[in-house]
Amino acid sequence: MTLRFLIQKELTQIRRNPFLPRLIVVFPIMVMCVMPWVMNMEVKNVVVDVVDNDRSVQSQRLVHDIEHSNYFIFHGQKPTYADALKDIERTDADIVVVIPKDYSKNLTKKQIAGNLQAPTVLIAANAVNGTKGSIGSAYLSQIVTANAAPNAAAIQSRVSTLFLYNKHQNFKLFMIPALFGIVMMLMTGFLPALNIVGEKEAGTIEQINVTPVAKSTFILAKLIPYWLIALFVITVCLILAWVVYGITSAGPIWLIYLLAMLLAMFFSSLGLIISNYSDTMQQAVFVMWFFVVILMLLSGLFTPTRSMPSWSYLTTYINPMCYFVEAIRNVFIRGGGILSIAHQIFALLGIGLFMGCWAVVSYKKNS
């Protein structure tokens, strides 16, 4: 009975707040409608300068192939490599392609003899942005190879690839499940972090401290409203993914809700722990932001965890975001069942229970 009235108090405080109800509704809508369009790892609009020292039909064919590619913005032809390099130094261009003299002659010799080395084409990329430079160079290398060896390109075009998951290579399908984690992390992490410390600043926490309410009951009453918010937020995200992008889960929906609740249990407990140890709302926000950024960047949300150094990869064993991202992509994209994500479920449950117990122990009830 006491727990019911405490939960009612928390929900009333949230409802009477002029800002929180709007945030709970608007934030997931903004994330789901904006972020899938901008969080795209595909490299496009690479600006290319071309230096054609051959001026032949075949070299111009290569120039036109680059010009008509969807991945590049053709910046024009430059008379010398030095002129093109100045564009890179001014960040007006990202890559320079230098076609050597006698390119057409050497290419003809190769096609006739069959055993001569293909003519060398210089590709110089601005590697300040390493991803853009390396992937853009790889795209250009494919165009140059196809132009130099049309027979090989024709054979390659007859090779078919069967994609078992994400058949259309839609990057939104890859990122939307991860966005669920970001929304859950921010909504169920920051709001509880501001809860108890907000009552400390307002002075209302003393009214609870002088009551016989048990610490476990008080903390549970603080957590349950944010679990309800998590259910609402994940429902909004699933509906928006279906309505806006036509993307639905390949696996059971109830597994997505289970994973969301386990993640919400961890972050709401973390938020209350930070709130228990903080004296001001500003302090709670900075500490919460510190942990959120680390957990997010080391979770494999943007880059594969196996690409990290071995010492940082060890942190994935205690990072709940890592378990959540792996599990929800397994369910949402591959259609995995509960047995395929049992390891992640038990890990999230264990970490969440530990943090929940910590939240109860860390709350200092001064009577």
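A few points on the structure.

### Observations regarding helix α9 (residues 195-202)
Listing the buried residues of α9 in full gives Asn195, Ile196, Val197, Gly198 and Glu199. Of the surrounding secondary structure, the elements contacted by the buried residues of α9 are α1 (2-16), α8 (171-193), α10 (205-209), α11 (215-245), α12 (253-277) and α13 (281-297). Just past α9, the residue Gly203 takes up positive phi, approximately 90°.

### Digging into the sheet that holds strand β3 (residues 95-99)
Taken together, four strands build an open sheet; the order of strands is β2-β1-β3-β4 and the sheet is mixed. Looking along the sheet, the strands with just one partner apiece sit at the ends: β2 (72-77) and β4 (122-125). Put simply, the sheet's adjacent strands are angled 25° from each other on average, direction ignored. Sheet topology places β3 next to β4; four bridges connect them, and they run antiparallel. Paired with Ile95 across the two strands is Ala125, which belongs to β4. Where helix α3 (residues 57-67) meets the sheet, its contacts fall on β1 (46-52), β2 and β3, and the angle it forms with β1 comes to roughly 170°.

### Points about the packing of aromatic side chains
Summed over all chains, the structure comprises nine aromatic pairs. With centroids separated by 6.1 Å and ring planes inclined at 45°, the aromatic side chains of Phe190 and Trp289 adopt a geometry described as tilted. Here Phe190 is found in helix α8, whereas its partner Trp289 is found in helix α13, with 99 residues between them in sequence. We classify Phe190 as buried; its relative accessible area is 15%. Of the residues examined, Trp289 reaches a relative accessible area of 46% and is grouped as partly exposed. Sitting over the face of the ring of Phe5, Arg4 holds its NZ or CZ atom 4.6 Å from the ring centroid.

Analysis parameters
In every chain, residue numbers begin from 1 and rise along the written sequence. Owing to the predicted nature of the model, reporting of local features is limited to residues with pLDDT of at least 70; listing and counting of side-chain atom pairs is limited to 80 or more, with chain, interface and lining totals taken over all residues. Here the side-chain values reflect all heavy atoms present in the structure, with hydrogen atoms and water set aside. Burial classification: accessible surface area is computed with a 1.4 Å probe over protein chains only, and a residue below 20% of its type maximum counts as buried, one above 50% as exposed, and the rest as partly exposed. Counting from the N terminus, the helices are the DSSP runs of H or I reaching at least four residues and the strands are the DSSP runs of E reaching at least two. Contacts are assigned to residue pairs with any non-hydrogen atoms lying within 4.5 Å of each other. The pairing criterion for strands is at least two bridges between them, as found by DSSP. Fitted lines through C-alpha atoms give the axes, limited to the stretch in contact for helices. The angle between two N-to-C directions lies from 0 to 180 degrees. In this scheme Phe, Tyr and Trp rings, the latter by its six-membered ring, pair at centre separations within 6.5 Å, and the angle between planes marks the pair as stacked below 30 degrees, edge-to-face above 60, and tilted otherwise. The criterion for a charge sitting over a ring is simple: Lys NZ or Arg CZ within 6 Å of the ring centre, and within 35 degrees of the ring normal.

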